[in-house]
2 protein chains.
Amino acid sequence: MTVHLVGAGPGDPELLTVKAVRLIGEADVIVHDYLSNDSILELAKPGTEFIDVGKKPGNPTPQELINALLVHLGAQGKNVVRLKGGEPFVFGRGGEEAQALMEARIAFTVVPGITSAIGVPAAAGIPVTHRNVSPAFTVVTGHRENGGSTNIAWEALAQVGGTIVVLMGVSERALIATRLMAGGLVATTPVAAIRWGTRAEQVVVRTTLGELGTAALKAPSTIVIGAVAAYEFLDNSITDHLVAGA
Amino acid sequence: MTVHLVGAGPGDPELLTVKAVRLIGEADVIVHDYLSNDSILELAKPGTEFIDVGKKPGNPTPQELINALLVHLGAQGKNVVRLKGGEPFVFGRGGEEAQALMEARIAFTVVPGITSAIGVPAAAGIPVTHRNVSPAFTVVTGHRENGGSTNIAWEALAQVGGTIVVLMGVSERALIATRLMAGGLVATTPVAAIRWGTRAEQVVVRTTLGELGTAALKAPSTIVIGAVAAYEFLDNSITDHLVAGA
């Protein structure tokens, strides 16, 4: 019996891994965040217990409580799935949960998921890398609480030469744009902001770095900054086809 | 009938997405790279045609030929899966294939896969982000041909403040280490290099940035640079458990 830290991917249930589906189906208890698509929970077997520790703005479950819950359930010998949106180790605080389990000597595994930082731009036709255009990409959190907007050297990041993907960056987008331009990125640098990525409701807003601070965006959005953000390797009919499930 | 650009993930067949498994099983023809685990091809239905365009050092299939092949097969109305290791849009040249298909008006979809840049460190117990330690990560190719070692401002990257994951960087590792240290990263910065990640054969070499240039590494390896590279959120018994398939 083990605790599995499982990535649920960006929203489309078909973007779960085979391993995630198997472990969800075998779980005694599923400890889950707010998921962008809760039909994923229907993959559990009858009788599975669900514990919603979803972090909602203003009313979060403290991370320490989640860590303690996982240790407690694991110590009971239950088969536990800790289901996290996206990828556990990309701003998912999976590292803290892994550390707590390791210190308590509870066996656990980590099952990667498709991170929205890559999967969401891909579903909108945007490649985060592209030959002769972007030989790197940086994924960064814009969330002040996570240290993103304060502990990142945005001016240096502007000079790296690759794509920048900002998660949880809507509220800090004016500051981020200002600092990236201070670092040398021009105001005409393409920007795409994607909401409800990989789902039928997907909305893509195209703008520029100079306009990002005042663009009408809603959280949560995945913000892509760089030359590739102007790309759209899908026409509308194909996009419809894609989000409907190929 | 459509061409599907599908990510095969880092190696473990259970890390395929549900959608990838379905599309592989429905394909008339599968155009595949060298895959780190070719048991994935056994998921195809009987009668499926396989075309190996795997790029081996010294004898690569030119990308233009692959693009033309996909357009040709798509125009025949076949159900085509273009199966690529990892994630199509992370140094997979998926953007070029998407562009060629779009220009030829061939319908296509993009199915994200788990990138080895995240999934391989995760399976070795290394989180690419960690609260109060790393609020960002950059994925970069060290491959000279892809512009990685020449078009990246490594000195600026050293100052960003997050984890650096280098793919295809073994042959250029001395140059990369020198430039990152010139940018201010100290020689004691932890480094982990992972070979055969997510597979039973997984080998993890721990070193430092100062020693990276002379460390005994073999390609292909995923190189992780930064404080998180010292982490190992799994003990050996748990790691065995993990790579054996949970």
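Each chain has its residues counted from 1, following the order in which its sequence is written. For naming, the first written chain is A and the first written ligand is 1, with later ones following in the order written. With pLDDT at 70 or above as the cut-off, local features in this predicted model cover only qualifying residues; side-chain atom pairs require 80 or more to be listed or tallied, and sums for whole chains, interfaces and linings still use all residues. Based on all heavy atoms of the structure, the side-chain values leave hydrogens and waters out of the count.

1. As for the side chain of His4(B)
All names here are of chain B.
Point 1. Numbered from the N terminus, helices here are DSSP runs of H or I no shorter than four residues, and strands are runs of E no shorter than two. You can see histidine 4 is positioned in strand β1 (residues 3-7).
Point 2. Taking relative accessible area as the criterion, histidine 4 reaches 3% and is therefore assigned buried.
Point 3. Identification of polar contacts relies on pairs of N or O atoms within 3.5 Å, with a donor-acceptor requirement for protein atoms, meaning one able to donate a hydrogen and the other able to accept it, and with residues adjacent in sequence counted only if both atoms are side-chain atoms. At a separation of 2.7 Å, a polar atom in the side chain of histidine 4 contacts the side chain of threonine 109. Here the term buried applies to any residue with accessible area under 20% of the maximum for its type, exposed to any over 50%, and partly exposed to those in between, with areas from a 1.4 Å probe on protein chains only.

2. Topic: the pattern of salt bridges
Two side chains carrying opposite charge are able to pair once their charged atoms lie near each other.
Point 1. Salt bridges are identified by distance alone: a Lys or Arg side-chain nitrogen within 4 Å of an Asp or Glu carboxyl oxygen. The tally for this structure, following the rule as stated, stands at 23 salt bridges over all chains.
Point 2. A salt bridge links Asp28(B) to Lys45(B), with the shortest nitrogen-to-oxygen separation between them at 3.8 Å. Taken together, the residues Asp28(B) in the loop between α1 (18-26) and β2 (29-32) and Lys45(B) in the loop between β2 and β3 (49-52) connect sequence positions 17 residues apart.
Point 3. Note on Lys45(B): relative accessible area 34%, which makes it partly exposed.
Point 4. A salt bridge links Arg206(B) to Glu232(B), with the nearest nitrogen and oxygen atoms 4.0 Å apart. On the criterion of sequence distance, the pair formed by Arg206(B) in strand β9 (residues 203-208) and Glu232(B) in the loop between β10 (222-225) and α9 (236-243) is long-range, its members being 26 residues apart.
Point 5. Judged by relative accessible area, Arg206(B) falls into the partly exposed class, the value being 33%.
Point 6. When salt bridges with common partners are traced through the structure, they connect Asp33(A), Arg82(A), Lys84(A) and Glu97(A) into a single cluster.

3. Thoughts on the nonpolar core
Point 1. One finds Ile223(A), Ile225(A), Ile223(B) and Ile225(B) to be the most contacted residues of the largest nonpolar core, which totals 44 residues.
Point 2. In this description, contact between two residues means that some pair of their heavy atoms is separated by no more than 4.5 Å. Dropping the residues within four chain positions of it, Ile225(B) is found in contact with Thr163(B), Ile164(B), Val166(B), Leu180(B), Leu185(B), Thr189(B), Pro190(B), Val191(B), Leu209(B) and Leu212(B). By nonpolar core we mean a set of buried residues, namely Ala, Val, Leu, Ile, Met, Phe, Trp, Tyr and Cys, connected to one another through side-chain atoms within 4.5 Å.

4. Some thoughts on the packing of helix α2 (residues 63-75) of chain B against helix α3 (residues 94-103) of chain B
Residues and elements named next belong to chain B.
Point 1. Think of each axis as a best-fit line through the C-alpha atoms, taken over the contacting stretch in the case of a helix, with angles from 0 to 180 degrees between the N-to-C directions. Running from N to C, α2 and α3 cross one another at 45°; their axes reach a closest spacing of 9 Å. Classed by the angle they form, the pair α2 and α3 counts as oblique. Crossing of α2 against α3: the hand is right-handed. Contact residues: Gln63, Ile66, Asn67, Leu70 and Val71 in α2; Glu96, Glu97, Ala100 and Leu101 in α3. Angle categories: roughly parallel below 35 degrees, roughly antiparallel above 145, roughly perpendicular from 65 to 115, and oblique for all the rest. A clockwise turn of the near helix away from the far one marks a right-handed crossing, whereas an anticlockwise turn of less than a right angle marks a left-handed crossing.

5. Side note on the sheet that holds strand β2 (residues 29-32) of chain A
Residues and elements named next belong to chain A.
Point 1. For two strands to be treated as a pair, DSSP must find no fewer than two bridges joining them. Spatial strand order, β3-β2-β4-β1-β5: 5 strands in an open sheet with parallel pairing. Every other strand in the sheet has two partners, leaving β3 (49-52) and β5 (108-111) as the edge strands with one partner each. When the angles between neighbouring strand axes are averaged without regard to direction, this sheet yields 20°.
Point 2. With 4 bridges joining them, β2 and β3 adopt parallel strand pairing. Bridging across to β3, isoleucine 30 finds its partner in phenylalanine 50.
Point 3. In the packing of helix α1 (residues 18-26) onto the sheet, the strands contacted are β1 (3-7), β2, β4 (80-84) and β5, and the crossing angle to β1 comes to about 135°.

6. Let's talk about the relation of the copies chain A and chain B
Point 1. In superposing the copies, a least-squares fit is computed on C-alpha atoms, taking residues whose pLDDT is at least 70 in both. The two copies are related by a screw motion: chain A maps onto chain B through a turn of 180° and a shift of 0.0 Å along the axis, at an RMSD of 0.0 Å. Here the transformation between the copies is reduced to the relation of a two-fold axis.
Point 2. When the interface residues of chain A are mapped onto chain B, 99% of them are again interface residues, pointing to one common binding face.

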